[in-house]
Amino acid sequence: MRYELFIALRHIKARKRQTILSVAAIGIAVMILMVSQAFMAGFTQEIYQTTVANLPHVVVSPQEGEDYIHLYGNIVREVNSIEGVVASSPYLIGEASFRYRDKTANAALKGVVPPEEEAVAHVSKDVIEGDFEELAYSRRGIVIGDDLARRLGLQMGDSVEVSFPNANTLSLRVIAIYDTGTPADESLIYTSLGTAQDFYGTADVINGISLRLADFNQDREVASIIREEGYRADGWTQNNPEILQTLAIERSSNQVTLGFILLIASFGVVSTLNMVVMSKLKETGILMAMGMSRSGIRLVFLLESGILGLAGAVLGALAGTVIALSVGSYPLPEGVYGISSIPVIVRPTDVFLIITVVFLLNLIAGIYPAQRAASLDPVKAISTR
Amino acid sequence: MPETIVEIKKVTKIYTLGANKIYALNKVSAKIEKGDFVTIMGSSGSGKSTLLNMLGCLDLPTSGKVLINNTDLSNLDDDGLTSLRRNNIGFIFQQFNLIQTLTAVENVEIPMIFNGASPQKRRKRALKLLQKAQLPPEYAHHKPNELSGGQQQRVAIARALANNPPILLADEPTGNLDTKTGHGVMELLRELNQAGTTVIVVTHDPRMEEYSRTTIRLQDGEIVNEDT
Ligand SMILES: Nc1ncnc2c1ncn2[C@@H]1O[C@H](COP(=O)(O)OP(=O)(O)OP(=O)(O)O)[C@@H](O)[C@H]1O
Ligand SMILES: [Mg+2]
């Protein structure tokens, strides 16, 4: 063992109380950092799962200046052959007025090919009554959100009158009701693609294709490939910038706070180490007189700082992980928050990164006291008591 | 022709205290021969400790040259000074300056650690040196505060001998000891000198002069005479 390490460890052992205090200070800061990072990651994932997962990752729109995509078979085939695209759903969407008895409401009517829409948007998992895929077989059916159904007083099996200027009024029957917990429940009604084309009086055309990707982070890349084909295409991050913004603001304000906590903890290390230097003046002078080099002295105090930092970081990361995981496994009262437990994710890379950064931060914080010890005048240092 | 082991040439050391300049040493020149036993004498504040610290590479002169084994200290960087000190000089202080948290034998091992000796070798040699310094063996594993002043000074002498230095420097080694114990320590230094070590002792106790062959007298930072 190098003697610098030996001396550093001896200093640490000899000053138990200060050691415990400074390790605890770093440990607590790291613990807060860990827990908050785990919540942040969980929160982000939750947002992605509740919003992004149900969003189409990329939406293809008609060419510039056109209302529809004609002969859409080609573009659908091309889009499906792009790497990373797992499903695509052509649709025809427009506005419509819905009337049931004396109540009316305006909403979007979206004609889809049910199995394909299911593959992209996982509608079925939100269906609370009936069967979404029934749409494929009943030509005059609709699937409606629970909120809109309540507003119109609609039940399963009821027929609703759908009309719009320049459209063919139709009578459509409720064959399923869904509940996503999002605004769509009040504003979006599914029907089959053929029914929508009948309603708007168009040929076999669509005005959009929604895509599902293997990795939703690839949305911009895929969209730009499609744009090269002459169609308009946008990723979910372009269509929903507010989601990213929310996450970014949340994350950066979080990180600023955490950065300050770490900085304060590192200052704690500097002052602890300064105290150690002061209390070891005489010993340091003696060691110099006995033939220890200044670089050796510097290394001793840097090692002390590094060891304290590492110990604090490891203990804090351990405590933080335990706390985060146990908070995450604590069941919330059902139905109150719409989630069964607080979302928490402890990523090994985060743990590793935090420990490394804290360790380095402490080494840096140790430079000043270590330099001070190394530049002591041995004669003066020895004569202190 | 006797070999010169330490030489100082026109060494001046100035301490600045506010507007005051204190000439702790003023153009001091001297040569010390290998194997000599030198006492540096003078009243308090005459510059004895300043001179000794300079010989021990613990301090550098404001002007002038210090040569040890014909090496000019002003040509050495910090690492050079450290290794010169480590290999050539053993230091003994008036206050003993043992490390309180270490046992007697561990204190003696310290300089050997810096020279990279193995733990077994260190321990063996340290015990032998303590024996040579006449510390009763049962005290080898005691902490300094469990030892008498004389015993602590013996540990400090053993420590100064750890790397077998050709030069032994002692700043009032008997200052904190009673007369009888003090003479015991001086006897020990004389034995070491007879075995070949160059010994330089700072003292203002005239009775210690009897041990030396050469005396350097300082007064107000200047050598007033050097008698052999
Ligand atoms: N670090 C310092 N700063 C300012 N002045 C100093 C310093 N060290 C020594 N001096 C001054 O230099 C002069 C010589 O001091 P030095 O310690 O060498 O004397 P000394 O002969 O060893 O005295 P003593 O017998 O009391 O130990 C004194 O006037 C002292 O006040
Ligand atoms: Mg003195």
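A brief report on the enclosed structure follows.

Residue and element names in this part refer to chain A. Counting buried positions along strand E5 (residues 141-145) gives five out of five residues, so the element sits mostly inside the fold. The side-chain alternation of E5 yields two buried faces, one formed by Gly141, Val143 and Gly145 and the other by Ile142 and Ile144. Bridge count for E5 against strand E7 (residues 170-178) is five bridges, and the pairing is parallel. Residue pairing in the sheet places Ile142 in a bridge with Val174 of E7. Note: E5 against strand E8 (residues 188-192), three bridges, orientation antiparallel.

All names here are of chain B. Around ligand 1, a shell composed of 14 residues is seen, among which Ser44, Gly45, Lys48, Ser49 and Thr50 lie nearest. In this structure, Ser44 approaches ligand 1 through a side-chain N or O atom, which is 2.5 Å from an oxygen atom. Here ligand 1 loses 67% of its free accessible area of 630 Å² to cover by the protein chains. Where the shell around ligand 1 is concerned, the elements lending two or more residues are strand E2 (20-33) and helix H1 (48-55). At three residues, H1 tops the list of elements feeding residues into the shell around ligand 1. Tallied by class, residues from the shell around ligand 1 come to three nonpolar, eight polar and three charged.

Take the packing of aromatic side chains next. All names here are of chain A. All chains considered together, the criterion is met by six aromatic pairs over all chains. Judged by centre distance (5.3 Å) and plane angle (80°), the rings of Phe132 and Tyr190 are edge-to-face. Remark: Tyr190 occurs in strand E8 and Phe132 occurs in the loop between strand E4 (127-130) and E5; sequence separation between them is 58 residues. Neither Phe132 nor Tyr190 differs from the other in exposure class; each is buried. For the ring pair Phe216 and Trp236, a centre distance of 6.0 Å and an interplane angle of 85° mean the geometry is edge-to-face. Of this pair, Phe216 sits in the loop between strand E9 (208-213) and helix H8 (219-227) while Trp236 sits in helix H9 (residues 236-239); the two residues are 20 residues apart in sequence, bridging distant segments of the chain. Counting every residue linked through ring pairs, the aromatic cluster contains Phe132, Tyr178 and Tyr190. Across the ring face of Tyr91, the terminal group of Lys110 is positioned such that the distance to the ring centre comes to 4.5 Å.

Reading guide: rules and limits
- Residues numbered from 1 in each chain as written.
- Chains lettered and ligands numbered in written order.
- Predicted model: local features only at pLDDT ≥ 70, side-chain atom pairs only at ≥ 80, totals over all residues.
- Heavy atoms only, no water.
- Buried < 20%, exposed > 50% of the residue type's maximum accessible area, 1.4 Å probe, protein only.
- Helix = DSSP H or I, 4+ residues; strand = E, 2+ residues; numbered from the N terminus.
- Pairing = 2+ DSSP bridges.
- Near = heavy atom within 4 Å.
- Polar contact = N/O pair within 3.5 Å; in protein donor to acceptor, adjacent residues only side chain to side chain.
- Areas by Shrake-Rupley, 256 points an atom, 1.4 Å probe, with all protein chains shown as cover.
- Nonpolar A, V, L, I, M, F, W, Y, C, P; charged D, E, K, R; others polar.
- Phe/Tyr/Trp six-rings, centres within 6.5 Å; stacked < 30°, edge-to-face > 60°.
- Lys NZ or Arg CZ within 6 Å of the ring centre and 35° of its normal.

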